[in-house]
Amino acid sequence: MPISVLIVDDSRLARRQLQRSLPKEWDIEVSTAADGVEAMAAIHEGKGELVFLDLTMPEMDGYQVLAAIKEQKLEVTVIVVSADVQVEARQRVMALGALEFIKKPVDIEKLGAILNQFGFIVLA
Amino acid sequence: MTIKDISLELTEDRRDTLQELINVAMGRAGASLASHMETFIDLSVLVISMVNRDQLSADMSEEATLEPSSELVSAIRQGFYEGSNPTGIRGEAIAVFGEGCYLRLAELLHIEKAPSDQLERELLLEATNTLTSSCMNGIADQLEVDLDYSAPSMLGQQVYGYNLLDFDEISWDFCLRIQVHYSESGGFMCNLFLLMTNPALAQLFTLTDKLLEDLEGDYQ
């Protein structure tokens, strides 16, 4: 049963780069969202078991999405992918319930290691 | 403004790609600056646009004025270019600092010297070098090019913004302008303008187009 993966970022370049970074062996269904509002809608439709979340987006940013997920007690795993790598940003997202924080541009090996660590390698 | 060559159009895709490249570059620059200066730096990319000569002069003087309101600014220019590729990307960075910004810099860097024009020059030249290269290197890395930088030089010290750019000195008709804003809770603030014109601009767009195209196909 494929895992639904949701990529949330307002930049098309970033969405594509992340999608390319996902392990090829994965049994997944990928959806995308360009801002927090679209992201929440997709999550409510069951498209986001695993969410890759950017922080700076119009309409509703990554922090607001994390807060909403926490408040609504949604069963979603969130990995924040961001260009803002200051310590404070990382602390904020971890406190809001993110599983991990990785910086852009995404390092494929690092991503693989993190997913492995949390048991996310699913072979078809 | 007429854009004569279609390949120089700032399309949505190009703007999106540039925005993302700068976000990543700024993220890295901000983190290293923050640890260097032991403070939190706020970064934002304000504008990416094509401007013509007249517009640039006007905009610079308007937007050069920083908040809290400050009429006098000090500005420094620094060139960037691909040393090993004469037809590569090249352009100009102009960093605009508000009055007294250098005093906050001195504080952040634990420099205990009396305020002076000389100290302002030293600190702002150094800051420009750091801000420009950290931002441009981040972009260059992602485009896989190597950049070199000319020595920064004062454009104006404690002058009104509208005196910054001598209209006659600008020989091009239009350029790409990227405006990045750095600020910090203790009052340090800088507006950094990155300017690129043809033929380097065509080269930049070639690289950004390729970056996005290489990812085409199965990806959304």
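Quick caveat: nothing in here was measured; it's all calculated off a predicted structure.

Asker: I'm lost on the side chain of Arg104(B) in this one. Help?
Answerer: Looking at the secondary structure, you find Arg104(B) in helix 3 (residues 101-108). Beyond its immediate stretch of four places on either side in the chain, Arg104(B) contacts Glu184(B), Gly186(B), Gly187(B) and Phe188(B).

Asker: How should I be thinking about the sheet that holds strand 1 (residues 3-8) of chain A in this particular structure?
Answerer: Sheet strands pair by backbone hydrogen bonding; their relative direction is either parallel or antiparallel. Residues and elements named next belong to chain A. In spatial order, the strands read 2-1-3-4-5; together these five strands make up an open sheet with parallel pairing. Each edge of the sheet is formed by a strand with only one pairing partner; in this case those strands are strand 2 (28-33) and strand 5 (100-103). Strand-to-strand twist across the sheet, computed as the mean angle between neighbouring axes with direction ignored, equals 20°. Of the pairings in the sheet, the one linking strand 3 (residues 50-53) to strand 4 (residues 77-82) comprises four bridges and is parallel in character. Looking across to strand 4, one finds that Val 51 is bridged to Val 78.

Asker: I tried to follow the confidence of the model for chain B on my own but got confused; where do I start?
Answerer: For residues with low pLDDT, the predicted coordinates do not support detailed interpretation. Residues and elements named next belong to chain B. This prediction gives chain B a mean pLDDT of 83; 83% of its residues lie at or above 70. Taken element by element, chain B is modelled with least confidence in helix 2 (residues 53-64), mean pLDDT 66, and with most confidence in strand 4 (residues 148-149), mean pLDDT 96. Ignoring residues within four places in sequence, the model shows residues 65-69, a span with pLDDT below 50, making eight contacts including any to other chains. Listed scores for the predicted complex are pTM 0.83 and ipTM 0.80.

Asker: When you look at the pattern of salt bridges in this model, what are you seeing that I'm missing?
Answerer: Two side chains bearing opposite charge may form a pair once their charged atoms approach each other closely. Residues and elements named next belong to chain B. Tallied over the entire structure, the rule returns 13 salt bridges over all chains. The closest approach of N and O atoms between Glu 12 and Arg 15, which form a salt bridge, is 3.5 Å. Here Glu 12 and its partner Arg 15 are both found in helix 1 (residues 12-37), three residues apart, which amounts to about one turn of the helix. Using a relative accessible area of 57% as the deciding quantity, one classes Glu 12 as exposed. Here Asp 209 ties to Arg 14 by a salt bridge, and the two come within 2.9 Å at their closest N and O atoms.

Asker: I keep staring at the packing of aromatic side chains and nothing clicks. Help me out?
Answerer: Taken as a whole, this structure holds one aromatic pair over all chains when the rule is applied. Their ring planes at 45° and their centres at 6.2 Å tell us that Phe97(B) and Phe188(B) sit as a pair that is tilted. Taken as a pair, Phe97(B) in strand 3 (residues 90-98) and Phe188(B) in the loop between strand 6 (174-184) and strand 7 (189-196) lie far apart in primary sequence, 91 residues in all. We classify Phe188(B) as buried; its relative accessible area is 2%. Against the face of Tyr63(A) rests Arg92(A), its NZ or CZ located 3.7 Å from the ring centre.

Each value, and the rule that gives it
- Residues numbered from 1 in each chain as written.
- Chains lettered and ligands numbered in written order.
- Predicted model: local features only at pLDDT ≥ 70, side-chain atom pairs only at ≥ 80, totals over all residues.
- Heavy atoms only, no water.
- Helix = DSSP H or I, 4+ residues; strand = E, 2+ residues; numbered from the N terminus.
- Contact = heavy atoms within 4.5 Å.
- Pairing = 2+ DSSP bridges.
- Axes fitted to C-alpha atoms, helices over the stretch in contact; angles between N-to-C directions.
- pLDDT = per-residue confidence, 0-100.
- Salt bridge = Lys/Arg side-chain N within 4 Å of Asp/Glu carboxyl O.
- Buried < 20%, exposed > 50% of the residue type's maximum accessible area, 1.4 Å probe, protein only.
- Phe/Tyr/Trp six-rings, centres within 6.5 Å; stacked < 30°, edge-to-face > 60°.
- Lys NZ or Arg CZ within 6 Å of the ring centre and 35° of its normal.

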